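# Tertiary structure, described
The chain contents come next:
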Amino acid sequence: MAQATPTPAHSAGLDFPLVRRTGYLLNKAGSLLMEDAERALAEQGMRLRYFYVLAALESDLSLSQQDLSRLLHLDPTTMVALIDEMERAGHVERRRNPSDRRRYILRLTDDGRGALGRAGNAVDAVERDFLAAVPAEDRERLRALLGDLLADRWPRVIACD
């Protein structure tokens with residue numbers, strides 16, 4: 001019978017049953033990666049959720065605050081405050097939705113695109129460092145597998161018109 005590949009905990013001589021739980025490992029890896037990204041963005045005076053909003057608005061989708069709140073799983077009140085902050089910083093502008101005058105469509109400004117570019121470089125570096133022990137083809141496969149896992153769950157939650 002083939003012997004199982006040792007998990008990180010077994011390699012360290014630990015018996016930690018949670019390392020056999022894929023969900024736990026995904027959560028732990030995600031948490032550590034986000035902590036590293038948060039530190040890198042803090043050097044630019046930015047938070048991770050601010051970056052996520054900038055990155056989401058880079059698309060050509062017509063997204064409202066409500067759409068972003070659902071897409072990014074941020075509380076609607078938090079989203080309003082965040083968009084207010086981004087608007088004051090000159091990174092985002094609100095435009096009336098021509099098909100629904102009660103809603104605003106959010107757009108990146110040129111300054112917002114610049115901030116996104118700088119922040120994106122910082123996050124790219126964090127991801128490269130975090131995933132450095134994984135061969136490039138496996139990193140691509142991991143991204144594809146995660147995409148497969150999320151395909152029917154996200155970003156279907158947004159209403160794009």
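This write-up is about the structure you can find in this document. (Residues numbered from 1 in each chain as written. Predicted model: local features only at pLDDT ≥ 70, side-chain atom pairs only at ≥ 80, totals over all residues. Heavy atoms only, no water.)

### Details of the overall build of the protein chain
Summing up its helical and strand segments, the protein chain has seven helices and two strands in all. Its helices and strands taken in sequence order, the protein chain reads α-α-α-α-α-β-β-α-α from the N to the C terminus. Element-wise, carbon and sulfur atoms account for 54% of the exposed surface of the protein chain, whose accessible area totals about 10,900 Å². (Helix = DSSP H or I, 4+ residues; strand = E, 2+ residues; numbered from the N terminus. Areas by Shrake-Rupley, 256 points an atom, 1.4 Å probe, with all protein chains shown as cover.)

### Quick notes on unusual backbone geometry
A positive phi angle, near 55°, is found at histidine 73, a position not held by glycine. Residue position: histidine 73 is located in the loop between α4 (65-72) and α5 (76-88). Taking relative accessible area as the criterion, histidine 73 reaches 65% and is therefore assigned exposed. (Buried < 20%, exposed > 50% of the residue type's maximum accessible area, 1.4 Å probe, protein only.)

### Some details on the packing of aromatic side chains
Ring pairs (aromatic) are described by centroid distance and by the angle formed between their planes. This model, assessed by the stated rule, comprises two aromatic pairs. Pairing phenylalanine 16 with tyrosine 24 gives two aromatic rings, centres 6.2 Å apart and planes at 75°, and the pair type is edge-to-face. For phenylalanine 16, a relative accessible area of 37% translates into the label partly exposed. When the centroid spacing of 6.1 Å and the interplanar angle of 45° are considered together, the rings of phenylalanine 51 and tyrosine 52 count as tilted. For tyrosine 52, a relative accessible area of 31% corresponds to the partly exposed category. (Phe/Tyr/Trp six-rings, centres within 6.5 Å; stacked < 30°, edge-to-face > 60°.)

### Quick word on the nonpolar core
With 29 residues, the main nonpolar core has Leu54 and Leu68 as its most contacted residues. Broken down by secondary-structure element, the contributors of at least two residues to this core are α2 (22-42), α3 (48-57), α4, α5, β2 (100-108) and α6 (110-130). No other element matches α3, which puts seven residues into this core. Setting aside anything within four residues of it in sequence, one finds leucine 68 in contact with Val53, Ala56, Leu57, Leu63, His73, Met79, Ile83 and Leu106. (Core = buried A, V, L, I, M, F, W, Y, C linked by side-chain atoms within 4.5 Å. Contact = heavy atoms within 4.5 Å.)

### A word on the pairing of β2
Relative to β2, strand β1 (residues 92-97) runs antiparallel, the two being bridged by six bridges. Counted as the bridge partner of asparagine 97 is aspartate 100 from β2. Hairpin connection from β1 to β2: two residues lie between these consecutive antiparallel strands. (Pairing = 2+ DSSP bridges.)

### Considering the pattern of salt bridges
All chains considered together, the criterion is met by nine salt bridges. A salt bridge links glutamate 93 to arginine 95; the shortest N-O distance between them is 2.5 Å. You can call arginine 95 partly exposed: its relative accessible area is 43%. Residue glutamate 140 is joined to arginine 143 by a salt bridge in which the shortest nitrogen-to-oxygen separation is 3.0 Å. Taken together, the residues span about one helical turn, with glutamate 140 and arginine 143 both in helix α7 (residues 136-150) at a distance of three residues. (Salt bridge = Lys/Arg side-chain N within 4 Å of Asp/Glu carboxyl O.)

### Things to note about α4
For α4, every residue scored as buried is listed here: Gln65, Asp67, Leu68, Ser69 and Leu71. Buried residues along α4 sit against α3, α5, β1 and β2. Two residues or fewer past α4, histidine 73 is found with a positive phi of approximately 55°.

### Some details on the side chain of histidine 91
For histidine 91, the location among the structural elements is in the loop between α5 and β1. What histidine 91 contacts, discounting residues up to four positions off in sequence, is Tyr50, Leu54, Met86, Arg107, Leu108, Thr109, Asp111, Gly112 and Ala115.

### Quick word on α3
Across the ten residues that make up α3, a large majority, seven, are buried. The set of residues buried in α3 consists of Leu48, Tyr50, Phe51, Val53, Leu54, Ala56 and Leu57. Those residues of α3 that are buried lie in contact with α2, α4, α5, β1, β2 and α6.

Such coordinate-based values are descriptive only and should not be taken to indicate function.
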